[in-house]
Amino acid sequence: MNLYVYAGKDLYRQEKALEKLLEKFQIDQDRRVVVDASDRRTFRMEKVLMECDTLSLFDEGKKAVIVRNPFFLNSEISEGGKVTKSDSPAVRKRKENEQATKENRLKLLESYLKNPSEDTVLIFQCHGYNADPRKSDYRLLEKYGCEMVLFDTMDEQAFIPYARKALKDAGYQLEEKAFTLLMDRCGTDTMLFQNALARFDLYGEKKLNDKDIRHLVSLNPSINVFNLTSGFTSGNLGLAMDTAAEMLQAGYDYMALIAMLSKRLRIMYNVRALYEAGLDNEAIGMRLHQKKGYIYFVLKDSSRFTSRKLLNLLNQLAELDQGIKQGNISPRYGFEQFMIRNGME
């Protein structure tokens, strides 16, 4: 059966692999149908299956039906749920309707999977997230031999050799400082890395230094926010201030930096307050809907602060924010003074 789930957060590799699959079956653009399945209120499985069974009399070869972002494979989207005695009539009715819709969708899908069209390649594409194996739809697809292909984000250990090889294959020579800066700006995001390679091609030079990288490759906000907050919380004021200067040069303003820092400190405060109340990492993760490993690293990053100190820092940032908005404090002076006063070990 030509049945696939393509999932994962590495969008570049997922898209390339999907294109390769379609090329393997010699399916051109005219014989590809994409159905948006992200909104459970508008999605209809009947439409997907009708497309699967519909072929032009004048076409030869296979057709692809791509179900994009299926909500029913997304772990963050729930359907129905058990009806409880405390549910209001409206909530009870909503849950019952959602459950009935789900059962009907599964029934229709299984009916097709028992007798699929040999001329159709059916692909469920989770664009940027992993398919949840706990979902009924996942188990049904698995039962009928669906090929599950995951493209998860590479870790640094895997990404660096990947990047070095890609640069070598493309004929680029980067100074080590330039390569380190490139990795800082791309993180482990293959899409950002491939976009950087495309800019290198337009630039026309094969030997690149760190100045070239600064000119050609944009800042990665998530990486720089991490460096800003990590430098501050670890007492590495130099790293924090250098990162802030680079972000300001790239177009961020002081209000944005304050907001980013506040958001991170608020997360740290919530975690550390629960930890100080006696909860372990797993219990904190359950309370805050985060993985245990994430809680571990938040506690590690905030180890030099108590929850009371973190709350004090948040209050300082709130006062700074108000002072800037009221015109009583210079954004640059206020931000720098906050960092110097609190950001050293």
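All of these numbers come straight from a predicted model, not from anything done at the bench.

Considering the overall build of the protein
Link 1 in the chain: The number of helices and strands found in the protein is 15 helices and seven strands.
Link 2 in the chain: In terms of C-alpha radius of gyration, the protein reaches 25 Å, well past the compact-globule figure of 20 Å for 345 residues.
Link 3 in the chain: A principal-axis box enclosing the C-alpha atoms of the protein has dimensions of 70 × 65 × 40 Å.
Link 4 in the chain: Relative to all contacts within the protein whose residues are 6 or more apart in sequence, the contacts with residues 24 or more apart total 75%.
Link 5 in the chain: When the accessible surface of the protein is totalled, it reaches about 19,900 Å², and 50% of it is carbon and sulfur.
Link 6 in the chain: Side chains of the protein carry 52 positive and 49 negative charges; the gap between the two charge centres is 5 Å.

A look at helix H7 (residues 190-203)
Link 1 in the chain: Here H7 contains 14 residues, and its C-alpha end-to-end distance of 20 Å stays within 8% of the 20 Å for a straight helix at 1.5 Å per residue.
Link 2 in the chain: Every buried residue of H7 is accounted for by Thr190, Phe193, Gln194, Ala196, Leu197 and Phe200. Down the axis of H7, the buried set is contained in an arc of 150 degrees. They therefore lie on one face.
Link 3 in the chain: Elements in contact with the buried residues of H7: helix H1 (11-24), helix H5 (156-169), helix H6 (176-186), strand S7 (207-208) and helix H8 (210-216).
Link 4 in the chain: At the N-terminal end of H7, a side-chain oxygen is found 2.8 Å from the backbone nitrogen of methionine 191, two or three residues along, and the residue is aspartate 189.
Link 5 in the chain: Looking at the residues trailing H7, positive phi occurs at glycine 204, about 90 degrees.

Overview of the packing of aromatic side chains
Link 1 in the chain: For the structure on display, the rule yields 14 aromatic pairs.
Link 2 in the chain: Ring plane angle 80 degrees and centroid distance 6.2 Å describe the contact between tyrosine 4 and tyrosine 6, whose orientation is recorded as edge-to-face. For the pair shown, tyrosine 4 and tyrosine 6 are each scored as buried.
Link 3 in the chain: Ring centres 6.1 Å apart and planes at 75 degrees place the aromatic pair phenylalanine 43 and phenylalanine 71 in the edge-to-face group. Of this pair, phenylalanine 43 sits in the loop between strand S2 (32-36) and helix H2 (45-53) while phenylalanine 71 sits in the loop between strand S3 (63-68) and helix H3 (89-114); the two residues are 28 residues apart in sequence, bridging distant segments of the chain.
Link 4 in the chain: The class for phenylalanine 71 is buried, based on a relative accessible area of 3%.

With respect to the nonpolar core
Link 1 in the chain: Formed by 31 residues in total, the largest nonpolar core has its most connected members in Phe232, Leu265, Phe338 and Met339.
Link 2 in the chain: Of all the secondary structure elements, the ones that give two or more residues to this core are helix H9 (221-234), helix H10 (237-249), helix H11 (254-276), helix H13 (292-301), helix H14 (307-325) and helix H15 (331-342).
Link 3 in the chain: For this core, the element with the highest residue contribution is H11, accounting for nine residues.
Link 4 in the chain: Grouped together as the second largest cluster of nonpolar side chains are 29 residues, Ala37, Leu113, Leu140 and Leu141 included.

Observations concerning the pairing of strand S4 (residues 120-127)
One face of the sheet, then the other: side chains in a regular strand alternate in exactly this way.
Link 1 in the chain: With seven of eight residues buried, S4 is to be regarded as a mostly interior element.
Link 2 in the chain: Both strand S1 (residues 3-8) and S4 contribute to a ladder of six bridges, which runs parallel. In the strand pairing of S4, leucine 3 is matched with leucine 122.
Link 3 in the chain: Bridge count for S3 against S4 is six bridges, and the pairing is parallel. Pairing of alanine 64 across the sheet is with valine 121, part of S4.

Re the packing of H2 against H3
Link 1 in the chain: Direction vectors running N to C along H2 and H3 enclose 10 degrees, while the axes themselves pass 10 Å from each other. Here H2 is positioned roughly parallel relative to H3, judged by the angle of their axes. The two elements H2 and H3 meet at a crossing, and its hand is left-handed. Here H2 contributes Met45, Glu46, Leu49, Cys52 and Asp53 to the contact with H3, which in turn contributes Asn104, Arg105, Leu108, Leu109 and Tyr112.

Analysis parameters
Residues numbered from 1 in each chain as written. Predicted model: local features only at pLDDT ≥ 70, side-chain atom pairs only at ≥ 80, totals over all residues. Heavy atoms only, no water. Helix = DSSP H or I, 4+ residues; strand = E, 2+ residues; numbered from the N terminus. Rg over C-alpha atoms; globule rule 2.2 N^0.38 Å. Contact = heavy atoms within 4.5 Å. Areas by Shrake-Rupley, 256 points an atom, 1.4 Å probe, with all protein chains shown as cover. Lys, Arg positive; Asp, Glu negative; His and termini not counted. Charge placed at Lys NZ, Arg CZ, Asp CG, Glu CD. Expected span 1.5 Å × (residues − 1). Buried < 20%, exposed > 50% of the residue type's maximum accessible area, 1.4 Å probe, protein only. Arc of directions from axis to C-beta. Polar contact = N/O pair within 3.5 Å; in protein donor to acceptor, adjacent residues only side chain to side chain. Phe/Tyr/Trp six-rings, centres within 6.5 Å; stacked < 30°, edge-to-face > 60°. Core = buried A, V, L, I, M, F, W, Y, C linked by side-chain atoms within 4.5 Å. Pairing = 2+ DSSP bridges. Axes fitted to C-alpha atoms, helices over the stretch in contact; angles between N-to-C directions. Parallel < 35°, antiparallel > 145°, perpendicular 65-115°, else oblique. Left-handed = near helix turned anticlockwise from the far one by under 90°.

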